[in-house]
Amino acid sequence: MKKTIFVLGAGNGCGNRVAEKFGKNDFRVVLMARNAEHLAAYESEFKEKGIEVYTQVADASKPHSVTKAFADLKARFGTPDVLFYNVGVTSPDTEIRGEKDVDLLVERYKVDVAGAYHAIQQVVGEEFSQKKGAILVTGGGLAMYPMYDYLPLSMDKAALRAMCLALHEELKKQGVYLGTLTVTGTIAPGERCDPTLLAEDFWKLYTERKDCEIVH
């Protein structure tokens, strides 16, 4: 039976290249993002490459949106074999200064960390365990090398990494694998962190199911 990967955070960078890697290995691909117009373009691109693809609008900053999207998708395709969480606010955080900006810090955390946890909870369960499901998460080098100009993102990536390391051990008891790729550079074609190279790292995490983390 054909396996399915849910990709929350589809986009022209890492998200779509990882989805393409799995699609070329005979996975059914489900792309999720906030922008329906962008999703339609991604769908056409994947179909041209001969990959079975579907799309679903979902906003990781709004838990109810993710809950509904996953419920609809599971009703259609069943529990996925792989969940890939690739959502994060990566712009410079120079506009966040002082206590008056705490609300914005919380909003960022909802997307970067709590959103990942919520998405994981949508798939983890008996059926996911029976499938020996896998969860893949895009992490960031700011977790280990924080920068002031990216302070909230540095804080969030550290929290996300801690969550992955902790859940990895717990979910392993249920037969579920969780792995994170800690990306220590700018994600761009032709660069050290080329999305195609990152996709190979994610595929390695999925197929080997050993260590929780690869640092790229």
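A brief structural summary. (Residues numbered from 1 in each chain as written. Predicted model: local features only at pLDDT ≥ 70, side-chain atom pairs only at ≥ 80, totals over all residues. Heavy atoms only, no water.)

This part covers the sheet that holds strand β7 (residues 213-215). Taken together, seven strands build an open sheet; the order of strands is β3-β2-β1-β4-β5-β6-β7 and the sheet is parallel. Two strands bound the open sheet, and with one partner strand each, they are β3 (53-57) and β7. Here the strands of the sheet are splayed against their neighbours by 15 degrees on average, with no regard to which way each runs. When strand β1 (residues 3-8) meets strand β4 (residues 82-85), the two strands line up parallel, connected through four bridges. Bridge pairing in β4 links Phe-6 to Leu-83. The sheet strands contacting helix α2 (residues 36-48) are β2 (27-33) and β3, and the helix crosses β3 at an angle near 175 degrees. (Pairing = 2+ DSSP bridges. Helix = DSSP H or I, 4+ residues; strand = E, 2+ residues; numbered from the N terminus. Axes fitted to C-alpha atoms, helices over the stretch in contact; angles between N-to-C directions. Contact = heavy atoms within 4.5 Å.)

Evaluated as defined, the whole model comprises nine aromatic pairs. Between Phe-6 and Phe-70, the ring centres sit 5.7 Å apart and the planes meet at 75 degrees, which makes this aromatic pair edge-to-face. Note that Phe-6 is positioned in strand β1 and Phe-70 in helix α3 (residues 63-77), a separation of 64 residues in sequence. Taken as a pair, Phe-6 and Phe-70 share a single burial class, namely buried. Judged by centre distance (5.1 Å) and plane angle (85 degrees), the rings of Phe-22 and Phe-27 are edge-to-face. Take Phe-22 and Phe-27: they sit in the same class, and that class is buried. Ring-pair connections join several aromatic residues into one group, and the members of that group are Phe-22, Phe-27, Trp-203 and Tyr-206. (Phe/Tyr/Trp six-rings, centres within 6.5 Å; stacked < 30°, edge-to-face > 60°. Buried < 20%, exposed > 50% of the residue type's maximum accessible area, 1.4 Å probe, protein only.)

Taken by themselves, the reported measurements are silent on function.
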